Amino acid sequence: MKVWVALLLVAAFAPGVLALESFCRLQGQAPPPSLSTDADIIIGGVFSIHRSTEEKIHPYTYKPQAPSCIRFVLNYREFQFAQTMIYAIEEINNRTDLLPSVSLGYKIYDACSSIPLAIQSAMALMNGFEDTLTDTSCSRPATVKAIIGESGSSPTIALSTVVGSFSIPLISHFATCACLSDRKKYPTFFRTIPSDYYQSRALAQLVKHFGWTWVGAVRSDSDYGNNGMASFVEAAKQEGICIEYSVTVYRTDPREKIRKAADAITQGTAMVLVAFVALGDIIPLLQELALVNLTRLQWVGSESWITATSLAETPEYKFLKGSIGFAVERRNLEGLEEFLINVRPTQAPGNRLMKEFWETAFACSFEKNSAAADKTQCTGSESLRELKNPYTDFSDLRISNKVYTAVYAVAHVLQNLVFFSVIYTKETAFMFLNYVQVVNYLRNVNFVTKTSEKVSFDSNGDPVARYELVNWHPANGGILKFKTIGLYDASLAIQGRFVLEQGSIVWAGEQPTSVCSESCPPGTRKAVQRGKPVCCYDCVPCADGEISNKTDSNDCIQCPEEYWSNAIRNACVLKAIEFLSYGEIMGIVLVIFSLFGTCLTVLVAVVFLAHKNTPIVRANNSELSFLLLFSLTLCFLCSLTFIGRPSQWSCMLRHTAFGVTFVLCISCVLGKTIVVLMAFRATLPGSNVMKWFGPPQQRLTVLAFTLIQVLICVLWLTLSPPFPNKNMKYYKDKVILECDVGSAVGFWAVLGYIGLLSLMCFVLAFLARKLPDNFNEAKFITFSMLIFCAVWITFIPAYVSSPGKLTVAVEIFAILASSYGMLFCIFTPKCYIILLKSKCTVLAGPFLLALTCMLWTNMLFCLVKNNTDFIFIHLHFLSKEHC
């Protein structure tokens, strides 16, 4: 069995071994180039001269055939690119300063807009199209030193993937996909047209410049469209632009899919449509949109179609009026127009492509027995100048210039390689040019073309991004024309890259406004609507204390601590300063009550002074009474220190003056109470107590009690005195100017000491209230101290809980209420007796004062249970006896 297997293997491989001895046979045969000429060095070219290929079904009964192009479906624009390449090569061959002793040739293949045919073209350019190899080594270098092409990004990616493995440089004139800048994947790729990376960002800046934040998007379903739109979406997101919808189209899509894309565009609310679409892909979409006459849409286009004359001169596409987009720089190539016009089939006899071009362009036939009755006989001498198609459109040779530039880049590299290398023979030098060196020289190439264009490549094989901003203006005959209205140069600083002539723009109608939500004015912020893009939002007013001072703010800004937002929330203003002032109603009322109490106290003092020799004045310790009236006057006046703008001195004065004057007042009352008690003790048999509490002792007691409070205040002012403070915690929109007590211990020590004295006075007066003395005023002192304690006990929670200036008002009210309480309770009964019950006075007295005193006395006495009759009997007795 093993022997038979060995014999079969020998039989199978023997023919191949024998054939190898004489020649090498390729595994497949590549088609010949569409256009070619032989020379010292060959440059390859791949263009999609035909628009599509024929669909073939493979039954797997025979070897599958390569796809073939559909005849007479020519892409005139691509044929112009191919002829431009030939023109550039011939121009170089005629020059004496560039490759003077070397001739350049070309081999141009037609990829027919097919990726498989593009790959087949690359294989043919590397291997040649001969069936056999005569050299016995079965190895030889590629037949071309560089390849120009392709126009589309997808076939260019396929080409670069194939030729990159063999270090063969590929220079594209129209493949703009940013993905081709990846040096790891495409190490030998170069291009003379800018990458879509720059165009996408330029388009995003253009859209943002006009304030459009709500746009639709349509793209080619190819590497060009998908990658270009992805870059645009990324840049748009950074600019705050939202995409309402994004649809794809491709030239081979069924009409139903194209119609769905058209429906999405017509039903969208966005007024701006960004079209990153190849020229061949946008035509089916425009045909569908032409049926609905969509005139409200503002088109923003990529360089692939924005300068397509075939679209601008089609009346059905008049809705493209006002379209705007970026295009590569326009250069005027002298001599190219004449070269293209003078192309003839006779220049390449037997060339099938030239004949097909001629027959398609003039609708004629070179066949004498033509089957088509409407076709005339081609003579070959027809004038291309009379034709109007993309091939003869010389008004906008932007991409053709990029083909021209690509050929010259290869020529400059060859110039350096040929004349700076060790050349043994002319033939071996051309045959064994190192492709790695070609790629390295391409990276460093730097020259200026005859159109003054500077040519160089960066580390990714990309040129400097320069664009013209093109706008579609209406022209005669219902067609549109292109006008340059701006420039974009990525080599400049960011601020100066984009230059626009705003006044030269023509719109489809009025300048469109395309936003999902209207702009939020200053004073509001954007709140994104749930489930919608960030461009769809509600305008929410800023909170209190926050502002937004620009349109479409995402967040509100917190005002500084001493500032507050104004009514419309667009600026921070100083907070309102609040303090109890003399100019406001509350301050005026308190001042009136304070001055009235002062005047009333002075008036009582005058009455007592006028009747100082009466028994009722003399019997109630006139010295302490006058001192009490003086201290009450100070109590009424010290309330005025609490009104007005707080300052360092006023803060220290108001609390210390209040504390000292009230202690002086309570000390006097306490002294009078003790006098009453001591007087009763003195009436007892054998008592000698009054000698220990005479006038000197009374003065000393008042002084001692007062000095203790003075000492407390001195310690308070020394250690931690009160100071003016801006309180911004209680109110958010106001600054409360208040006096901070400094030391809370000192403040409450002052109040506590006053409370302690008043409590002592109340207890002693309560004990002496029923002593059998005609001049006993302990009852009145008891009631006054009861009022005093009630006021100040109520003051504590009211003081703590009152906000702002009300805190000061509460303290003033407590001072006035307690002062009025002592004044009325202690001195009103005496004034009543002196002025109304005395027969020895001729003074009618101020009637108003007497009436007021009487009313207050009656009200206060009615509150004392079972004592009213007793008091009036004694008062009546006194008035009768002593008057």
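Since the structure is predicted, the reported quantities are computational estimates derived from the model, not experimental observations.

S.K.: Please explain the sheet that holds strand S7 (residues 170-172) as it appears in this structure.
M.R.: Sheet strands pair by backbone hydrogen bonding; their relative direction is either parallel or antiparallel. What the six strands build is an open sheet, ordered S2-S4-S3-S6-S7-S8; its pairing is mixed. For this open sheet the edge positions go to strand S2 (35-37) and strand S8 (189-191), each flanked by a neighbour on one side alone. Neighbour-to-neighbour, the strand axes of the sheet open up by a mean angle of 25°, direction not taken into account. Across three bridges, strand S3 (residues 41-47) lies against strand S6 (residues 147-149) in parallel orientation. Within S6, the position partnered with Gly 45 by the bridge is Ile 148.

S.K.: Explain the state of the cysteines to me, please; I cannot follow it from the model alone.
M.R.: Covalent bonding between the sulfur atoms of two cysteines is what defines a disulfide. Evaluated as defined, the whole model comprises nine disulfides. Each sulfur in the disulfide pair Cys 242 and Cys 535 lies 2.1 Å from the other. Sign of the S-S torsion, about 85° for the bond between Cys 242 and Cys 535, identifies this disulfide as right-handed. Taken as a pair, Cys 242 in strand S10 (residues 242-249) and Cys 535 in the loop between strand S21 (524-528) and strand S22 (537-541) lie far apart in primary sequence, 293 residues in all.

S.K.: What's the story with the packing of helix H2 (residues 76-93) against helix H11 (residues 352-362) in this structure? I'm lost.
M.R.: Describing two packed helices takes the angle between their axes plus the distance from one axis to the other. Relative to each other, H2 and H11 sit at 135°, their axes nearing to 12 Å. The orientation of H2 relative to H11 falls into the category oblique. Regarding H2 and H11, the two cross each other, and that crossing is left-handed. Of the residues in H11, those touching H2 at Tyr 76, Phe 79 and Gln 83 are Leu 353, Met 354, Phe 357, Thr 360 and Ala 361. By residue class, the composition of the contact of H2 with H11 is six nonpolar, two polar and no charged.

S.K.: Would you mind going over the environment of Leu 767 with me for this structure?
M.R.: When you line up the elements, Leu 767 lands in helix H20 (residues 744-767). Take Leu 767: its relative accessible area is 57%, and that puts it in the exposed class. For the pair Leu 767 and Thr 782, spaced 15 residues apart in sequence, the C-alpha separation works out to 9.0 Å.

S.K.: Sorry, what's going on with helix H4 (residues 153-164) here?
M.R.: Since the α-helix turns once every 3.6 residues, residues separated by three or four places project in the same direction. With twelve residues, H4 extends 15 Å between its outermost C-alpha atoms, agreeing within 8% with the 16 Å of an ideal straight helix rising 1.5 Å per residue. All buried positions along H4 are accounted for by Ser 153, Ser 154, Pro 155, Thr 156, Ile 157, Ala 158, Leu 159, Ser 160, Val 162, Val 163 and Gly 164. Turning to H4, the residues buried within the fold contact S3, helix H3 (115-127), S6, S7, S8 and helix H6 (223-238).

S.K.: Would you mind showing me how to read a nonpolar patch on the surface here?
M.R.: The grouping of Leu 759, Val 763, Phe 766 and Leu 767 at the surface amounts to a nonpolar patch, some 370 Å² of accessible area in total. Among the structural elements, Phe 766 can be located in helix H20.

S.K.: In this structure, what is going on with the sheet that holds strand S29 (residues 734-740)? I would like to understand it.
M.R.: Ordered in space as S27-S29-S28, the three strands form an open sheet in which the pairing is mixed. Each edge of the sheet is formed by a strand with only one pairing partner; in this case those strands are strand S27 (576-578) and strand S28 (723-727). Neighbour to neighbour, the strand axes of the sheet diverge by 30° on average, direction disregarded. Two strands pair when backbone bridges link them, and S27 and S29 are joined in this way by three bridges, in the parallel orientation. Looking across to S29, one finds that Glu 578 is bridged to Ile 736.

S.K.: What am I meant to see in the side chain of His 50 here?
M.R.: Mapped onto the elements of the fold, His 50 is located in the loop between S3 and H2. Looking at His 50, the relative accessible area reads 5%, which means it is buried. Separated by 2.4 Å, the side chains of His 50 and Asp 110 make a polar contact. Engagement of the side chain of His 50 in a polar contact is seen with the side chain of Glu 356, the distance being 2.6 Å. The residues contacting His 50, other than those within four sequence positions of it, are Cys 69, Ile 70, Arg 71, Phe 72, Val 73, Leu 74, Asn 75, Asp 110, Cys 112, Ser 113, Leu 353 and Glu 356.

S.K.: I tried to follow the pairing of strand S19 (residues 480-489) on my own but got confused; where do I start?
M.R.: For a regular strand, the rule is simple: side chains alternate between the two faces of the sheet. One ladder, built from nine bridges, connects strand S18 (residues 466-474) with S19; its direction is antiparallel. When the sheet's bridge partners are listed, Asn 471 is paired in S19 with Lys 483. Counting the residues between successive antiparallel strands, the hairpin from S18 to S19 contains five residues, one of them, Gly 477, with a positive phi of roughly 80°. Relative to strand S20 (residues 498-500), S19 runs antiparallel, the two sharing three bridges. In the strand pairing of S20, Gly 486 is matched with Leu 500.

S.K.: Can you walk me through the pattern of salt bridges in this structure?
M.R.: Pairs can form between side chains of opposite charge whenever their charged atoms are close. Taken as a whole and assessed by the stated rule, the structure comprises 18 salt bridges. With a shortest N-O distance of 3.9 Å, Glu 562 and Lys 726 are connected by a salt bridge. Taken as a pair, Glu 562 in the loop between strand S24 (557-558) and strand S25 (563-565) and Lys 726 in strand S28 lie far apart in primary sequence, 164 residues in all. Residue Glu 562 is classed as partly exposed on the basis of its relative accessible area of 36%. According to the relative accessible area criterion, Lys 726 is partly exposed, its value standing at 42%. Each of Asp 221, Asp 253 and Lys 257 takes part in one network of salt bridges that share partners.

S.K.: What is the right way to read the nonpolar core from this model?
M.R.: Nonpolar side chains tend toward joint burial in soluble globular proteins. In terms of nonpolar packing, the biggest core is built from 69 residues, with Phe 658, Phe 662, Trp 792, Met 822 and Phe 827 touching the most fellow members. Of all the elements in the fold, those that place two or more residues in this core are helix H15 (585-610), helix H16 (615-619), helix H17 (622-638), helix H18 (648-682), helix H19 (695-719), H20, helix H21 (778-801) and helix H22 (805-837). With 18 residues, H22 is the single largest residue contributor to this core. Not counting residues within four places of it along the chain, the set of residues in contact with Phe 827 comprises Val 604, Phe 608, Ser 625, Leu 628, Leu 629, Leu 632 and Met 822. Core analysis: the next-biggest nonpolar cluster, separate from the first, contains 68 residues, Leu 74, Phe 174, Phe 447 and Val 455 among them.

S.K.: For this particular structure, what's the right way to read unusual backbone geometry?
M.R.: Following Gly 149, the chain continues to Glu 150 via a peptide bond in cis, the omega torsion being -10°. With respect to the helices and strands, the residue Glu 150 is situated in the loop between S6 and H4. With phi around 60°, Ser 167 is a residue other than glycine that occupies positive phi space. Inspection of the secondary structure assignment puts Ser 167 in the loop between H4 and S7.

S.K.: Whenever I open this one, the pairing of S10 confuses me. Can you help?
M.R.: In this sheet, S10 lies alongside strand S9 (residues 214-220) in parallel orientation, the contact comprising six bridges. Bridged to Trp 214 within S10 is Cys 242.

S.K.: Just to check I follow, could you spell out H15 for this structure?
M.R.: For H15, built from 26 residues, the straight-helix expectation of 38 Å at 1.5 Å per residue is met to within 8% by its first-to-last C-alpha distance of 37 Å. When H15 is considered as a whole, its buried residues turn out to be Gly 587, Leu 590, Val 591, Ser 594, Gly 597, Thr 598, Leu 600, Thr 601, Val 604, Ala 605, Val 607 and Phe 608.

S.K.: I would appreciate a short explanation of the packing of aromatic side chains in the present structure.
M.R.: Each aromatic ring pair is described using two quantities: the centre-to-centre distance and the angle formed by the ring planes. By the definition in use, this model includes 32 aromatic pairs. Ring centres of Phe 79 and Tyr 391 lie 5.5 Å apart, and the angle between their planes is 45°; on these two criteria the pair is classed as tilted. Taken as a pair, Phe 79 in helix H2 and Tyr 391 in the loop between strand S15 (376-377) and helix H12 (398-419) lie far apart in primary sequence, 312 residues in all. Judged by its relative accessible area of 1%, Phe 79 falls in the buried class.

Cut-offs applied
Residues numbered from 1 in each chain as written. Predicted model: local features only at pLDDT ≥ 70, side-chain atom pairs only at ≥ 80, totals over all residues. Heavy atoms only, no water. Pairing = 2+ DSSP bridges. Helix = DSSP H or I, 4+ residues; strand = E, 2+ residues; numbered from the N terminus. Axes fitted to C-alpha atoms, helices over the stretch in contact; angles between N-to-C directions. Disulfide = S-S within 2.5 Å. Parallel < 35°, antiparallel > 145°, perpendicular 65-115°, else oblique. Left-handed = near helix turned anticlockwise from the far one by under 90°. Contact = heavy atoms within 4.5 Å. Nonpolar A, V, L, I, M, F, W, Y, C, P; charged D, E, K, R; others polar. Buried < 20%, exposed > 50% of the residue type's maximum accessible area, 1.4 Å probe, protein only. Expected span 1.5 Å × (residues − 1). Patch = residues over 30% accessible without salt bridge, like charges linked within 9 Å, V, L, I, M, F, W, Y side chains within 5 Å. Areas by Shrake-Rupley, 256 points an atom, 1.4 Å probe, with all protein chains shown as cover. Salt bridge = Lys/Arg side-chain N within 4 Å of Asp/Glu carboxyl O. Polar contact = N/O pair within 3.5 Å; in protein donor to acceptor, adjacent residues only side chain to side chain. Core = buried A, V, L, I, M, F, W, Y, C linked by side-chain atoms within 4.5 Å. Phe/Tyr/Trp six-rings, centres within 6.5 Å; stacked < 30°, edge-to-face > 60°.

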